[in-house]
Amino acid sequence: MNNNDILRRLRYTFDISDFKMIDLFASGGKEVTRAEISNWMKPEDDPEFQKLVDINLAAFLNGFINEKRGKKEGEQPKLEKSLNNNTILRKLKIALNYKDDDILDVLDLVKFRLSKSELSAFFRKPDHQHYRPLKDQILRNFLLGLQLKYRPDSGK
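Residues numbered from 1 in each chain as written. Predicted model: local features only at pLDDT ≥ 70, side-chain atom pairs only at ≥ 80, totals over all residues. Heavy atoms only, no water.

## A look at the layout of surface pockets
Part 1 of the reasoning: Roughly 150 Å³ of volume is contained in the largest pocket.
Part 2 of the reasoning: Lining of the largest pocket is provided by Asn62, Ile65, Asn66, Gly70, Lys72, Gln76, Pro77, Lys78, Glu80 and Lys91.
Part 3 of the reasoning: Among the elements that line the lining of the largest pocket, the one with the most residues is helix H4 (residues 54–69), at three residues.
Part 4 of the reasoning: Considering only residue class, the lining of the largest pocket consists of two nonpolar, four polar and four charged. (1 Å grid on protein atoms, 1.4 Å probe; cavity = no way out; pocket = protein on both sides within 12 Å on 5 of 7 lines; lining within 4 Å. Points joined across faces, edges and corners; volume = space filled by probe spheres on them. Helix = DSSP H or I, 4+ residues; strand = E, 2+ residues; numbered from the N terminus. Nonpolar A, V, L, I, M, F, W, Y, C, P; charged D, E, K, R; others polar.)

So, in C-alpha coordinates, the structure goes:
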(Lines give C-alpha, C1' and ligand atoms only; values in the text may rest on other atoms or scores of the structure.)
Protein backbone atom coordinates (compact mmCIF):
# COMPACT_ATOMS: atom_id res chain seq x y z
CA MET A 1 0.00 0.00 0.00
CA ASN A 2 1.23 3.48 -0.62
CA ASN A 3 1.40 6.11 2.11
CA ASN A 4 -1.11 8.42 0.41
CA ASP A 5 -3.73 5.67 0.36
CA ILE A 6 -3.14 4.89 4.05
CA LEU A 7 -3.49 8.57 4.96
CA ARG A 8 -6.67 8.92 2.85
CA ARG A 9 -8.26 5.88 4.49
CA LEU A 10 -7.41 7.01 8.03
CA ARG A 11 -8.66 10.50 7.34
CA TYR A 12 -11.96 9.18 6.03
CA THR A 13 -12.39 6.54 8.75
CA PHE A 14 -11.84 8.98 11.60
CA ASP A 15 -13.42 11.98 9.82
CA ILE A 16 -10.38 14.23 10.23
CA SER A 17 -10.62 17.81 8.92
CA ASP A 18 -7.77 19.68 7.20
CA PHE A 19 -7.12 21.74 10.32
CA LYS A 20 -7.07 18.64 12.51
CA MET A 21 -4.66 17.00 10.04
CA ILE A 22 -2.33 19.99 10.36
CA ASP A 23 -2.52 19.69 14.16
CA LEU A 24 -1.80 15.94 14.05
CA PHE A 25 1.25 16.41 11.84
CA ALA A 26 2.51 19.21 14.12
CA SER A 27 1.97 17.08 17.21
CA GLY A 28 3.99 14.35 15.52
CA GLY A 29 6.87 16.72 14.81
CA LYS A 30 6.24 17.97 11.27
CA GLU A 31 4.85 21.31 10.19
CA VAL A 32 2.70 20.97 7.07
CA THR A 33 0.43 23.28 5.10
CA ARG A 34 -3.15 22.79 4.02
CA ALA A 35 -1.95 22.78 0.39
CA GLU A 36 0.44 19.88 1.12
CA ILE A 37 -2.37 17.88 2.72
CA SER A 38 -4.62 18.65 -0.23
CA ASN A 39 -1.94 17.44 -2.68
CA TRP A 40 -1.42 14.22 -0.69
CA MET A 41 -5.16 13.52 -0.86
CA LYS A 42 -5.40 13.95 -4.64
CA PRO A 43 -5.58 10.91 -6.94
CA GLU A 44 -2.28 9.75 -8.44
CA ASP A 45 -3.23 10.93 -11.94
CA ASP A 46 -3.84 14.52 -10.76
CA PRO A 47 -1.00 16.85 -11.87
CA GLU A 48 -0.81 18.38 -8.36
CA PHE A 49 -0.56 14.97 -6.63
CA GLN A 50 2.43 14.67 -4.30
CA LYS A 51 3.77 11.41 -2.95
CA LEU A 52 3.66 11.21 0.86
CA VAL A 53 7.12 10.18 2.05
CA ASP A 54 7.63 7.82 4.99
CA ILE A 55 8.89 10.46 7.44
CA ASN A 56 5.71 12.51 6.91
CA LEU A 57 3.43 9.50 7.42
CA ALA A 58 5.44 8.69 10.58
CA ALA A 59 4.78 12.24 11.81
CA PHE A 60 1.05 11.85 11.17
CA LEU A 61 0.92 8.48 12.94
CA ASN A 62 2.89 9.83 15.92
CA GLY A 63 0.48 12.78 16.09
CA PHE A 64 -2.44 10.32 15.87
CA ILE A 65 -0.97 8.44 18.84
CA ASN A 66 -0.61 11.73 20.77
CA GLU A 67 -4.22 12.62 19.95
CA LYS A 68 -5.71 9.28 20.93
CA ARG A 69 -3.49 8.34 23.88
CA GLY A 70 -2.11 11.68 25.05
CA LYS A 71 1.34 13.06 24.52
CA LYS A 72 3.98 11.20 26.46
CA GLU A 73 6.22 13.05 28.87
CA GLY A 74 9.73 14.04 27.87
CA GLU A 75 11.32 13.63 24.48
CA GLN A 76 9.02 12.63 21.64
CA PRO A 77 9.88 9.58 19.53
CA LYS A 78 12.18 10.19 16.58
CA LEU A 79 10.49 10.14 13.19
CA GLU A 80 11.26 7.02 11.20
CA LYS A 81 12.81 7.79 7.83
CA SER A 82 11.58 4.44 6.56
CA LEU A 83 8.26 2.75 7.36
CA ASN A 84 6.95 -0.69 6.59
CA ASN A 85 3.49 -2.20 7.07
CA ASN A 86 4.53 -3.79 10.38
CA THR A 87 5.50 -0.39 11.82
CA ILE A 88 2.29 1.21 10.54
CA LEU A 89 0.15 -1.51 12.15
CA ARG A 90 2.11 -1.18 15.42
CA LYS A 91 1.53 2.59 15.50
CA LEU A 92 -2.20 2.14 14.82
CA LYS A 93 -2.37 -0.51 17.54
CA ILE A 94 -0.79 1.93 20.01
CA ALA A 95 -2.95 4.89 18.94
CA LEU A 96 -6.19 2.95 19.25
CA ASN A 97 -5.06 1.20 22.45
CA TYR A 98 -5.80 -2.15 20.82
CA LYS A 99 -4.88 -5.55 22.13
CA ASP A 100 -4.35 -8.49 19.78
CA ASP A 101 -7.99 -9.56 20.17
CA ASP A 102 -9.16 -6.09 19.11
CA ILE A 103 -7.13 -6.31 15.90
CA LEU A 104 -8.49 -9.80 15.20
CA ASP A 105 -12.04 -8.51 15.80
CA VAL A 106 -11.51 -5.68 13.31
CA LEU A 107 -10.16 -8.15 10.73
CA ASP A 108 -13.17 -10.37 11.44
CA LEU A 109 -15.46 -7.52 10.35
CA VAL A 110 -14.14 -7.99 6.81
CA LYS A 111 -14.15 -11.80 7.14
CA PHE A 112 -10.34 -11.97 7.21
CA ARG A 113 -9.13 -14.77 9.48
CA LEU A 114 -5.78 -14.65 11.23
CA SER A 115 -4.53 -16.57 14.26
CA LYS A 116 -3.05 -14.91 17.33
CA SER A 117 0.35 -16.46 16.61
CA GLU A 118 0.28 -15.16 13.02
CA LEU A 119 -0.60 -11.69 14.34
CA SER A 120 2.12 -11.73 17.01
CA ALA A 121 4.73 -12.49 14.31
CA PHE A 122 4.04 -9.04 12.82
CA PHE A 123 5.00 -7.30 16.08
CA ARG A 124 8.31 -9.10 16.61
CA LYS A 125 11.69 -7.55 15.90
CA PRO A 126 12.84 -8.12 12.30
CA ASP A 127 15.80 -10.24 13.43
CA HIS A 128 13.57 -12.59 15.47
CA GLN A 129 13.22 -16.05 13.91
CA HIS A 130 9.39 -15.87 13.97
CA TYR A 131 9.13 -12.31 12.55
CA ARG A 132 6.90 -12.03 9.51
CA PRO A 133 6.56 -9.04 7.18
CA LEU A 134 3.01 -7.71 7.04
CA LYS A 135 1.62 -7.96 3.53
CA ASP A 136 -0.40 -5.16 1.93
CA GLN A 137 -3.51 -7.36 1.84
CA ILE A 138 -3.62 -7.65 5.63
CA LEU A 139 -3.04 -3.94 6.22
CA ARG A 140 -5.68 -3.09 3.58
CA ASN A 141 -8.19 -5.41 5.29
CA PHE A 142 -7.36 -3.95 8.70
CA LEU A 143 -7.97 -0.40 7.43
CA LEU A 144 -11.23 -1.52 5.81
CA GLY A 145 -12.25 -3.18 9.08
CA LEU A 146 -11.53 0.07 10.95
CA GLN A 147 -13.71 1.90 8.44
CA LEU A 148 -16.57 -0.56 9.04
CA LYS A 149 -16.13 -0.23 12.80
CA TYR A 150 -15.88 3.57 13.02
CA ARG A 151 -18.07 4.48 10.03
CA PRO A 152 -20.54 1.60 9.74
CA ASP A 153 -22.75 3.69 7.44
CA SER A 154 -19.99 3.85 4.81
CA GLY A 155 -20.42 0.28 3.52
CA LYS A 156 -17.51 -1.16 1.57
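Continuing now.
## Observations concerning the pattern of salt bridges
Part 1 of the reasoning: For the structure shown, the criterion picks out 13 salt bridges.
Part 2 of the reasoning: Residues aspartate 5 and arginine 9 are paired through a salt bridge, measuring 3.2 Å at the closest nitrogen-oxygen approach. One end of the pair is aspartate 5 and the other is arginine 9, both in helix H1 (residues 3–13) and four residues apart, which spans about a single turn.
Part 3 of the reasoning: For arginine 9, a relative accessible area of 23% gives the class partly exposed.
Part 4 of the reasoning: In this structure, lysine 20 and glutamate 67 form a salt bridge, with 2.9 Å as the shortest nitrogen-oxygen distance. Taken as a pair, lysine 20 in helix H2 (residues 18–27) and glutamate 67 in helix H4 lie far apart in primary sequence, 47 residues in all. (Salt bridge = Lys/Arg side-chain N within 4 Å of Asp/Glu carboxyl O. Buried < 20%, exposed > 50% of the residue type's maximum accessible area, 1.4 Å probe, protein only.)

## Some words on helix H8 (residues 136–150)
Part 1 of the reasoning: With 15 residues, H8 extends 21 Å between its outermost C-alpha atoms, agreeing within 8% with the 21 Å of an ideal straight helix rising 1.5 Å per residue.
Part 2 of the reasoning: On its buried face, H8 sits against H1, helix H5 (85–95), helix H6 (100–109) and helix H7 (116–122). (Expected span 1.5 Å × (residues − 1). Contact = heavy atoms within 4.5 Å.)

## Here's the deal with the environment of leucine 79
Part 1 of the reasoning: By the element assignment, leucine 79 lies in the loop between H4 and H5.
Part 2 of the reasoning: The partly exposed category is assigned to leucine 79, whose relative accessible area is 23%.
Part 3 of the reasoning: Separated by 25 residues in sequence, leucine 79 and aspartate 54 have C-alpha atoms that sit 9.0 Å apart.
Part 4 of the reasoning: For leucine 79, the contacting residues outside a window of four places in its chain are Gly28, Gly29, Ile55, Ala58, Ala59 and Asn62.

## A word on the packing of H2 against H4
Part 1 of the reasoning: Contact pair H2 / H4: the axes reach a minimum separation of 6 Å and the direction vectors enclose 95 degrees. With respect to their mutual orientation, H2 and H4 come out roughly perpendicular. Every residue of H4 that contacts H2 at Lys20, Met21, Leu24, Phe25 and Ser27 is listed here: Asn56, Ala59, Phe60, Gly63, Phe64, Asn66 and Glu67.
Part 2 of the reasoning: Residues belonging to the contact of H2 with H4 are distributed by class as follows: six nonpolar, four polar and two charged. (Axes fitted to C-alpha atoms, helices over the stretch in contact; angles between N-to-C directions. Parallel < 35°, antiparallel > 145°, perpendicular 65-115°, else oblique.)

## Focus on the packing of H4 against H5
Part 1 of the reasoning: Where H4 meets H5, the closest approach of the two axes is 8 Å, and the angle between their N-to-C directions is 20 degrees. When the interaxial angle is binned, H4 and H5 end up roughly parallel. As for the relative orientation of H4 and H5, their crossing is left-handed in sense. Across the interface between the two elements, Leu57, Leu61, Asn62, Phe64, Ile65, Lys68 and Arg69 from H4 touch Ile88, Lys91, Leu92, Ile94 and Ala95 from H5.
Part 2 of the reasoning: Its residues assigned to classes, the contact of H4 with H5 shows eight nonpolar, one polar and three charged. (Left-handed = near helix turned anticlockwise from the far one by under 90°.)

## Looking at the nonpolar core
Part 1 of the reasoning: Counting residues in hydrophobic clusters, the biggest one holds 47 residues, and the most contacted among them are Phe25, Phe60 and Phe142.
Part 2 of the reasoning: Those elements that place two or more of their residues in this core are H1, H2, helix H3 (34–41), H4, H5, H6, H7 and H8.
Part 3 of the reasoning: For phenylalanine 25, the residues in contact, after removing those within four places along its chain, are Leu7, Lys30, Val32, Ile37, Trp40, Asn56, Ala59 and Phe60. (Core = buried A, V, L, I, M, F, W, Y, C linked by side-chain atoms within 4.5 Å.)

## Let's talk about H6
Part 1 of the reasoning: For H6, the full list of buried residues reads Ile103, Leu104, Val106 and Leu107. The buried residues of H6 all sit within an arc of 160 degrees when viewed along its axis, so they share a single face.
Part 2 of the reasoning: Next to the buried residues of H6 lie H5, H7 and H8.
Part 3 of the reasoning: Where H6 ends, the next residue or the one after it, lysine 111, has phi of about 60 degrees, a positive value. (Arc of directions from axis to C-beta.)

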